[in-house]
Amino acid sequence: MADGVINHDAGPYLGVSNRVNWYEYKARLMKFLGMNTFSRDLLEFGHNQWWDSGPYGGNTWVYQSDNLSLRSLWADTITMLERYELNVMQYYEYAGSIGSAGLGKQKRALPLTRTDAYTHISWAEGSRADLTDPDTLADFKKMLDLTVVQYATRKKFAGVWLRPRSSQMPIGFADATLARFATEANGGVGVTRAQLQADSALRQRYYDWWMLERRAFIDGVTDYLRAKNVGNDVVTLFTSDATEPGRSHPTNGDAMIAENPAPWLALGMKVMGLDRALSEDRQLNTLRLPRSTWGGWEWQHADPWSDPQNYVNDAKGAPTYTFNHAYTVGRPGALNAFRSGAGLAMVRHSALNGEHDDGGL
């Protein structure tokens, strides 16, 4: 993110005299460490991170900086990266386009039991996209045009990485979404939100349909990049875990996991032994189960669970596996469950301002 380093105007608070140098330092370090793929965020909580949205409407479509040097920072970074043998896979926290007439502001996805918001995180509820809506893929394709396609002859792109934050690409229950479900997966029979609330079997069938729609969206991103000659081997990574430190298990999620629980139990802590956490496939189940919720909010819909079983033979998309502590990587079967036709993608989640100074991912 590096917000405090590069987003100030010239002066004592700007960390580098040339903003591109900040990313060149990273490129040099990557080469030294033997890494081969450069990535940075181009959408942060849905907001433009220094690329030019002008060709598709500028601030009407996606708000952008008035500072021209910031507006061109992604283009200038690509020019710098041409000097390094690094692939590129940039990162998007997509919530629909955020501009004065952007798709995200229309909030076409709605919660099941309410109409205002999915969660109490008010600043994350301003924009959202319904990935079952064809307009959503069309909207994101325009972003790909401006951040990937136009540079494909200059740099090797490994693909793109999507990671919506909470409520940005939620499971939606708007009338238009329900109509698509009725047509595509319910034999043309319409459903209501009240029916979905009351009928758990119908609701599960709706979830199953939505998950396949999400895979179709992800594959559609890859199909577009390949059709635009970005590369025949590009893939789309998708992180459905919107948390910073990694998800907690919906049951006893507050229990600490320790190799030797006895000292912690003596202190009155909730503790689970490492062996038990591994034998119960705790991390795999954490990622595949709906999030717990409270207070009438819909966290389970705001941050939908992973469905790696739908990608086993998918060579276009790969759901990412969350890892950090020992219990998250001690079961080969858990990792293999996330292996798609495109391979295994894993992302280490760290608590902000916690284990590592850089925080985040």
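No experiment lies behind these values; they were computed from the predicted model shown.

For the rest of this paragraph, the subject is the side chain of T236. Following the sequence through the fold, T236 ends up in strand 7 (residues 235-238). With sequence-adjacent residues up to four places away left out, T236 is seen in contact with V160, L162, I218, V221, T222, K316, G317 and A318.

Core analysis: the largest hydrophobic core is formed by 63 residues, its most contacted members being W51, Y92, Y94, F140, L144 and V221. Looking at this core, the elements that each hand over two or more residues are helix 2 (19-33), strand 2 (41-44), helix 4 (73-81), helix 5 (134-147), strand 6 (159-162), helix 6 (175-185) and helix 8 (200-227). Among the elements that make up this core, the one with the highest residue count is helix 8 (11 residues). Setting aside its immediate chain neighbours within four residues, Y94 contacts L43, L103, A129, T136, D139, F140, M143, L162, P164, Q168 and M169. Grouped together as the second largest cluster of nonpolar side chains are eight residues, Y91, L237, A318 and A345 included.

What follows deals with the pairing of strand 2. Summarising the sheet, strand 2 and strand 5 (residues 91-92) pair through two bridges and their orientation is parallel. In the strand pairing of strand 5, L43 is matched with Y92. Judged from the two bridges that link them, strand 2 and strand 3 (residues 47-48) form a sheet pairing that is antiparallel. For L43, the partnering residue across the bridge sits in strand 3 and is N48. Hairpin connection from strand 2 to strand 3: two residues lie between these consecutive antiparallel strands, with F45 at a positive phi of about 50 degrees.

Time to look at the confidence of the model for the protein chain. Mean pLDDT over the protein chain works out to 93, with 95% of the residues at or above the 70 mark. Below pLDDT 50 for its whole length, residues 354-361 participates in 21 contacts with residues either more than four positions away or in separate chains.

It is worth spelling out the packing of helix 2 against helix 4 at this point. The N-to-C vectors of helix 2 and helix 4 enclose an angle of 40 degrees; their axes lie 10 Å apart at closest approach. Between helix 2 and helix 4, the angle falls in the class oblique. Note that helix 2 runs across helix 4; the crossing there is right-handed. Judged by residue contacts, R19, V20, Y23, E24 and A27 of helix 2 engage L73, D76, T77, M80 and L81 from helix 4. Its residues assigned to classes, the contact of helix 2 with helix 4 shows six nonpolar, one polar and three charged.

Another point: the pattern of salt bridges. Scanning the entire structure with this criterion turns up 18 salt bridges. Note that D135 is salt-bridged to R108, the shortest N-O span being 2.7 Å. Highlighted residues: D135 in helix 5 and R108 in the loop between strand 5 and helix 5, separated in sequence by 27 residues. D135 sits in the partly exposed class, given a relative accessible area of 39%. Judged by its relative accessible area of 29%, R108 falls in the partly exposed class. Linked by salt bridges that have partners in common, E93, R163, R165 and E244 make up one network.

Here the phi dihedral of W50 falls at roughly 75 degrees; this positive angle occurs in a residue that is not glycine. Following the sequence through the fold, W50 ends up in the loop between strand 3 and helix 3 (68-71). What makes W50 buried here is its relative accessible area of 13%. Even without being glycine, K107 reaches a positive phi, approximately 50 degrees. Counting through the fold element by element, K107 comes out in the loop between strand 5 and helix 5.

This brings us to the sheet that holds strand 6. Reading across from one edge, 3-2-5-6-7-10-11 is the order of the seven strands in this open sheet, with mixed pairing throughout. Strand pairing shows two members of the sheet lacking a second neighbour, strand 3 and strand 11 (345-348), which therefore form its edges. Relative to strand 10 (residues 317-323), strand 7 runs parallel, the two sharing three bridges. Across the sheet, the residue bridging to F238 is P319, located in strand 10. Contacts from helix 8 reach strand 6, strand 7 and strand 10 within the one sheet, and its direction differs from that of strand 7 by about 145 degrees.

About the cut-offs
Residue positions are given per chain, counted from 1 along the sequence in the order it is written. In view of the model being predicted, local features appear only for residues whose pLDDT reaches at least 70, and side-chain atom pairs are presented and counted only at 80 or more, with totals across whole chains, interfaces and linings using the full set of residues. To get the side-chain values, all heavy atoms of the structure are used, and hydrogens and water are removed first. Numbering of helices and strands starts at the N terminus; helices are DSSP runs of H or I of at least 4 residues and strands are runs of E of at least 2. Here a residue-residue contact requires only that any non-hydrogen atoms of the pair lie within 4.5 Å. Only buried Ala, Val, Leu, Ile, Met, Phe, Trp, Tyr and Cys residues count toward a nonpolar core, and they belong to the same one when joined by side-chain atoms within 4.5 Å. Partly exposed residues are those whose accessible area sits between 20% and 50% of the maximum for their type, while under 20% is buried and over 50% is exposed, using a 1.4 Å probe and protein chains only. Pairing between two strands is assigned when DSSP locates at least 2 bridges connecting them. Here pLDDT means the predictor's own confidence in every residue, given as a number from 0 to 100. Note on method: axes are straight lines fitted to C-alpha atoms, helices fitted across the in-contact stretch only, with angles between N-to-C directions ranging 0 to 180 degrees. Small angles under 35 degrees read as roughly parallel and large ones over 145 as roughly antiparallel, with 65 to 115 read as roughly perpendicular and the rest as oblique. Crossing handedness: left-handed means the near helix sits turned counterclockwise from the far one by under a right angle, and right-handed means the same turn made clockwise. Ten residue types, Ala, Val, Leu, Ile, Met, Phe, Trp, Tyr, Cys and Pro, are classed as nonpolar, four, Asp, Glu, Lys and Arg, as charged, and the remainder, Gly among them, as polar. Salt-bridge detection follows one rule: a side-chain nitrogen of Lys or Arg within 4 Å of a carboxyl oxygen of Asp or Glu.

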